[in-house]
Amino acid sequence: MMMFFCGVDETGRGSAISGVWVAACILDPDKPIVGLRDSKKLSAKRREELAEEIKHKALSWSIEIASLEEVETLNVLNATLLGMRRAIEGLRIKPNKVFVDGNRLPNIDIPAEAIVKGDDLIPAISAASILAKVERDKAIKELHQVYPQYGFDKHKGYLTKAHMLALHEYGPCPIHRKTYAPVRKLLEKQMELF
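Residues numbered from 1 in each chain as written. Predicted model: local features only at pLDDT ≥ 70, side-chain atom pairs only at ≥ 80, totals over all residues. Heavy atoms only, no water.

- The name that an unreviewed UniProt entry assigns to the chain is Ribonuclease HII, with the source organism given as Niallia hominis.
- On record in UniProt, under Catalytic activity (unreviewed entry), the comment for the chain is "Endonucleolytic cleavage to 5'-phosphomonoester." (UniProt positions renumbered as here; feature names shortened; annotations may be inferred.)

Pasting the structure below:
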């Protein structure tokens, strides 16, 4: 009997905008992919090339989004775990075991293991990491077209100095996470002015 091992990873958890992208991936042992590693350690061009190869060669893959509303309602960790469960359930093949990057596991009825730095250790997690990152980067480029004043194309919504300066100048926009402390404090200050 063939065993199917699934890797799961997310991107965008630490960002101050939009939702969290989660991918699950079952690689084909007969179709190896050279160069899989933590998506953050690859150039954008290489990630995009690998994402295409993964989609072509993997036995099954799935990308889900834990929405902004879910992040704000459930908190970012619980929204991420929900996104992970949906990504796993979205696979065409039910895995025998799931490997998740990090130290927390979603609520699933499949044997699972959380592996810190798994995106650099387990090829299926690396593949999931790449799929999630490429998909989120595409979405962030689109959001940058709508809200160019924040510079999302540069910092991807993470709270860099440039992002904080833009937040102070323009205030939060509809895709900012209102529950995040720096964004919430700015909103509270705006409310005091009225």
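What follows picks up the thread again.
1. Quick look at the pairing of strand S4 (residues 97–101)
And then number 1: Counting buried residues along S4, 4 of its 5 residues qualify, which places the element largely inside the surrounding structure.
And then number 2: Taken together, the 4 bridges between S4 and strand S5 (residues 112–115) define a ladder with parallel strand orientation. By the bridge assignment for S5, Val100 is matched with Ala114. (Buried < 20%, exposed > 50% of the residue type's maximum accessible area, 1.4 Å probe, protein only. Helix = DSSP H or I, 4+ residues; strand = E, 2+ residues; numbered from the N terminus. Pairing = 2+ DSSP bridges.)

2. Focus: the side chain of Asp101
And then number 1: As for its placement among the helices and strands, Asp101 is situated in strand S4.
And then number 2: Within the buried set, Asp101 has no salt-bridge partner at all; the shortest N-O distance to an opposite charge, 5.8 Å, is to Lys40.
And then number 3: Within the local environment of Asp101, its side chain forms a polar contact with the backbone nitrogen of Gly118, the two atoms lying 2.8 Å apart.
And then number 4: For Asp101, the side chain forms a polar contact with the main-chain nitrogen of Asp119, separated by 3.1 Å.
And then number 5: Once you skip the residues sitting within four places of it in the chain, Asp101 turns out to touch Val8, Asp9, Ile115, Val116, Lys117, Gly118, Asp119 and Ile125. (Lys, Arg positive; Asp, Glu negative; His and termini not counted. Salt bridge = Lys/Arg side-chain N within 4 Å of Asp/Glu carboxyl O. Polar contact = N/O pair within 3.5 Å; in protein donor to acceptor, adjacent residues only side chain to side chain. Contact = heavy atoms within 4.5 Å.)

3. Structural notes on the packing of helix H1 (residues 44–57) against helix H4 (residues 123–146)
And then number 1: The N-to-C vectors of H1 and H4 enclose an angle of 120°; their axes lie 9 Å apart at closest approach. When the interaxial angle is binned, H1 and H4 end up oblique. The way H1 lies across H4 gives a crossing that is left-handed. From H1, Arg47, Glu48, Leu50, Ala51, Ile54 and Lys55 reach across to H4, where they touch Ala127, Ile130, Leu131, Lys133, Val134, Glu135, Asp137, Lys138 and Lys141. (Axes fitted to C-alpha atoms, helices over the stretch in contact; angles between N-to-C directions. Parallel < 35°, antiparallel > 145°, perpendicular 65-115°, else oblique. Left-handed = near helix turned anticlockwise from the far one by under 90°.)

4. Things to note about a nonpolar patch on the surface
And then number 1: There is a patch of nonpolar side chains on the surface, built from Met1, Met3 and Phe5 and spanning about 390 Å² of accessible area.
And then number 2: Relative to the helices and strands, Phe5 resides in strand S1 (residues 5–11). (Patch = residues over 30% accessible without salt bridge, like charges linked within 9 Å, V, L, I, M, F, W, Y side chains within 5 Å. Areas by Shrake-Rupley, 256 points an atom, 1.4 Å probe, with all protein chains shown as cover.)

5. Here we look at unusual backbone geometry
And then number 1: A positive phi is found at Asn75, a non-glycine position, where the angle reads about 85°.
And then number 2: The topology assignment puts Asn75 in the loop between helix H2 (68–74) and helix H3 (76–89).
And then number 3: A positive phi is found at Lys156, a non-glycine position, where the angle reads about 60°.
And then number 4: Tracing the backbone through its elements, the reader meets Lys156 in the loop between helix H5 (152–155) and helix H6 (161–170).
And then number 5: What makes Lys156 partly exposed here is its relative accessible area of 22%.

6. Structural notes on the UniProt feature "binding site: a divalent metal cation" (unreviewed entry) in the chain
And then number 1: Under the present numbering, the feature "binding site: a divalent metal cation" (unreviewed entry) in UniProt falls on Asp9, Glu10 and Asp101. These annotated residues cover 93 residues of sequence, but their C-alpha atoms sit close together, with the largest distance between any two at 8.0 Å.
And then number 2: Asp9 has contacts with Trp21, Val22, Ala23, Asp101, Asp119, Ile125, Ala128, Ser129 and Ala132, leaving out every residue within four places of it along the chain.
And then number 3: Taking the relative accessible area as the measure of exposure, Asp101 reaches 17% and is therefore buried.

7. Regarding H4
For the α-helix, the turn length of 3.6 residues means that residues three or four positions removed from each other point alike.
And then number 1: Taking 1.5 Å of rise per residue, 24 residues should cover 34 Å, and H4 covers 35 Å from first to last C-alpha, within 8% of that figure.
And then number 2: Of all 24 residues making up H4, 17 are buried, and the element is well covered by its neighbours. (Expected span 1.5 Å × (residues − 1).)

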